[in-house]
Amino acid sequence: MNWEQLLSLKRFGDTHKRLRKEQNETRLGFEVDYDRIIFSSAFRSLQDKTQVIPLSKTDFVHTRLTHSLEVSVVGRSLGRLAGQKILEKHPQLEKSHAYRMNDFGAIVAAAALAHDIGNPPFGHSGEKAIGEYFSHGNGKRFKDELSPKEYQDLVKFEGNANGFKILTQNKPGIAGGLRLSYATLGAFIKYPKESLPHKPTQNIADKKFGFFQTEKEIFEEVATELGLLKTGKDGDVSYYRHPLAFLVEAADDICYTIIDFEDGINLGLIDEDYALEYLIKLVKDNINTGKYNSLTNTADRLSYLRALAINTLITEAVETFLKNEDAILAGNFHQGLLDKSKYEAQIDDIIKISIEKIYQSEEVISKEIAGYKMLSHLLDTYTEALLSHKAEENSNFNKLVLKSVPNLAYLQDENSVYRRLLEICSHTASLTDGFTVASFEKYKGGIKL
């Protein structure tokens, strides 16, 4: 892979090549990507989606929206630091094509901003609830009407693939979704493969999948334009990652490792003194003990350690990226950047505590259980309205449901069962935590949990 191709400014529908040296410096293409994401309704919905605690009434706990904003800030720093060194190593990128350090930062920041845009309500349990509706629930009845890859898309419903769908989907009057640059789309795709074959390997990019069958064509167009390296065999679509996807992933890993941990402390789920010890272990090589000891307030100490930990991991991730740049460009680097960190043990300790004390806390589990029930009921309601009857024979209740969900009503004339089911899943995933509760109560006739 080569950087000139990887930094493509092309957008869906372009007929002419966009050149970096012809860009308006006051409104660069990669910065336009960020603007389009932040003004999208899908991004706004993240303000009421779970990051740590579903339906939290505590205002300082992170939502998907605040988490995404913080990941984009960290991503911008990672991109700029890496970009500065890449331009020094490949001076023709600046001399011949006019790429700048900030271009790398803008690409990573935009992709990082969108990294959770396809996630369902109630966090990762929402993904599982949608998938299990088709593997173990009433949705299993559609299996024989779908191809193996179509069925796998549903039973392993993936927020990353749904995010790519949101960013690129053709809709009536809206061609190419948000029409982001292909460089940003490439950096967004952490798992550049389709859902089958599902063969987990040592390659981190094989862990999940990055697009549904409906977006297969646009994915391949993006991958070809960027010059991504193919790994798929026998017609299966799979590629090596865009190099900047490693930085997007690192930004996310840094934020959820440190900031979810901080949320757990603020919620009282993790003992403050105990937690501070673990953060100190992470930053022991960089801590200013005099400054730290002068802070008498626990909140101030926590804030200082959090900022220092994030900065420490940013520096470490960039060093790892640059040290392995040649291997990454050749498709021979298969780990997350933090997996090779010298702080791996400290990071693992923090994540282990977060899993035990936060993600598996009674409050989280009880709300995730309720989320399972609500999402399953909504999927039942939508599939019954859209697939169980011919339109002219549909019950009045189902007709009312479709009137209440115009995003699905237009699909009554869609012949593909797969497309209708996938749109139902995508619509359900687009709901906020609060709107999921409200919709559940509405369809249940006002019954509250």
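The structure presented is a predicted model; accordingly, all values stated were derived computationally and were not measured. (Residues numbered from 1 in each chain as written. Predicted model: local features only at pLDDT ≥ 70, side-chain atom pairs only at ≥ 80, totals over all residues. Heavy atoms only, no water.)

1. Quick look at the environment of Tyr 151
Examined against the element boundaries, Tyr 151 turns out to sit in helix α8 (residues 148-155). In the structure, Tyr 151 is positioned 42 residues away from Ala 109 in sequence and 33 Å away in space, judged by C-alpha atoms. If sequence neighbours within four positions are ignored, Tyr 151 has contacts with Phe 134, Ser 135, Lys 140, Lys 143 and Leu 146. (Helix = DSSP H or I, 4+ residues; strand = E, 2+ residues; numbered from the N terminus. Contact = heavy atoms within 4.5 Å.)

2. Topic: the layout of surface pockets
Estimated volume of the second largest pocket: approximately 700 Å³. Lining of the second largest pocket is provided by 24 residues; of these, Ser 41, Ala 42, Lys 171, Asn 407 and Ser 430 occupy positions nearest its centre. Elements represented by at least two residues in the lining of the second largest pocket include exactly α3 (41-44), α9 (159-168), α20 (406-409) and α21 (417-430). In terms of residue count, the dominant contributor to the lining of the second largest pocket is α21 (4 residues). For the lining of the second largest pocket, the class distribution of residues is 10 nonpolar, 10 polar and 4 charged. Lining the lining of the second largest pocket are residues from two domains, each supplying at least three of them: domain 1 (3-119 + 243-358) and domain 2 (363-444). (1 Å grid on protein atoms, 1.4 Å probe; cavity = no way out; pocket = protein on both sides within 12 Å on 5 of 7 lines; lining within 4 Å. Points joined across faces, edges and corners; volume = space filled by probe spheres on them. Nonpolar A, V, L, I, M, F, W, Y, C, P; charged D, E, K, R; others polar. Domains from an automatic or database assignment.)

3. With respect to the pattern of salt bridges
Here the structure, examined in full by the defined rule, presents 18 salt bridges. Taking the shortest distance from any N to any O, the salt bridge between Asp 14 and Arg 18 comes out at 2.6 Å. The class of Asp 14 is buried, set by a relative accessible area of 19%. The exposure class of Arg 18 is partly exposed, given its relative accessible area of 34%. Residues Arg 27 and Asp 35 are paired through a salt bridge, measuring 2.8 Å at the closest nitrogen-oxygen approach. What emerges from the salt-bridge pattern is a single network uniting Lys 149, Glu 194, Lys 216 and Asp 236. (Salt bridge = Lys/Arg side-chain N within 4 Å of Asp/Glu carboxyl O. Buried < 20%, exposed > 50% of the residue type's maximum accessible area, 1.4 Å probe, protein only.)

4. Focus: a positive patch on the surface
Taken together, the side chains of Lys 284, Lys 323, Lys 340 and Lys 342 define a basic patch exposed on the protein surface. Among the secondary structure elements, Lys 340 is positioned in the loop between α16 (325-329) and α17 (344-359). Accessibility expressed as a relative area gives 39% for Lys 340, which makes it partly exposed. (Patch = residues over 30% accessible without salt bridge, like charges linked within 9 Å, V, L, I, M, F, W, Y side chains within 5 Å. Areas by Shrake-Rupley, 256 points an atom, 1.4 Å probe, with all protein chains shown as cover. Lys, Arg positive; Asp, Glu negative; His and termini not counted. Charge placed at Lys NZ, Arg CZ, Asp CG, Glu CD.)

5. Description of the nonpolar core
Ranked by internal contacts, the top residues of the largest apolar core, which has 92 residues, are Trp 3, Ile 37, Leu 78, Leu 244, Phe 261, Leu 282 and Phe 321. With 12 residues, the top contributor of residues to this core is helix α12 (residues 243-266). Not counting the four nearest positions on each side in its chain, Ile 37 is found in contact with Phe 43, Ala 110, Leu 113, Ala 114, Ile 117, Leu 178 and Leu 180. Core analysis: the second largest hydrophobic core is formed by 32 residues, Tyr 133, Ala 161, Leu 379 and Tyr 443 among them. (Core = buried A, V, L, I, M, F, W, Y, C linked by side-chain atoms within 4.5 Å.)

6. Some points on the side chain of Asp 33
Here Asp 33 is to be found in helix α2 (residues 29-38). Other than its neighbours up to four places away in sequence, Asp 33 contacts Arg 11, Ala 110, Leu 180, Ser 181 and Thr 184.

7. Re the packing of aromatic side chains
Here the structure, examined in full by the defined rule, presents 11 aromatic pairs. Summarising the aromatic geometry, the rings of Phe 164 and Phe 219 are spaced 6.2 Å apart at their centres and angled 75° between planes, so their arrangement reads as edge-to-face. In this pair, Phe 164 is assigned in helix α9 and Phe 219 in helix α11 (residues 216-226), connecting sequence segments 55 residues apart. A relative accessible area of 0% places Phe 164 in the buried class. Looking at Phe 219, the relative accessible area reads 1%, which means it is buried. Between Tyr 292 and Tyr 304, the ring centres sit 6.3 Å apart and the planes meet at 35°, which makes this aromatic pair tilted. Here the residue Tyr 292 occupies a position in helix α14 (residues 289-294), and Tyr 304 occupies one in helix α15 (residues 298-323), the gap between them amounting to 12 residues. Residue classification places Tyr 304 among the buried residues on the basis of a relative accessible area of 15%. What links up through ring pairs into an aromatic cluster is the set Phe 164, Phe 211, Phe 219 and Tyr 239. Its guanidinium or amino end placed over the ring of Tyr 191, Arg 241 lies 5.8 Å from that ring's centre, counting from NZ or CZ. Above the face of the Tyr 278 ring, Lys 281 is positioned so that its terminal group lies 4.7 Å from the ring centre. (Phe/Tyr/Trp six-rings, centres within 6.5 Å; stacked < 30°, edge-to-face > 60°. Lys NZ or Arg CZ within 6 Å of the ring centre and 35° of its normal.)

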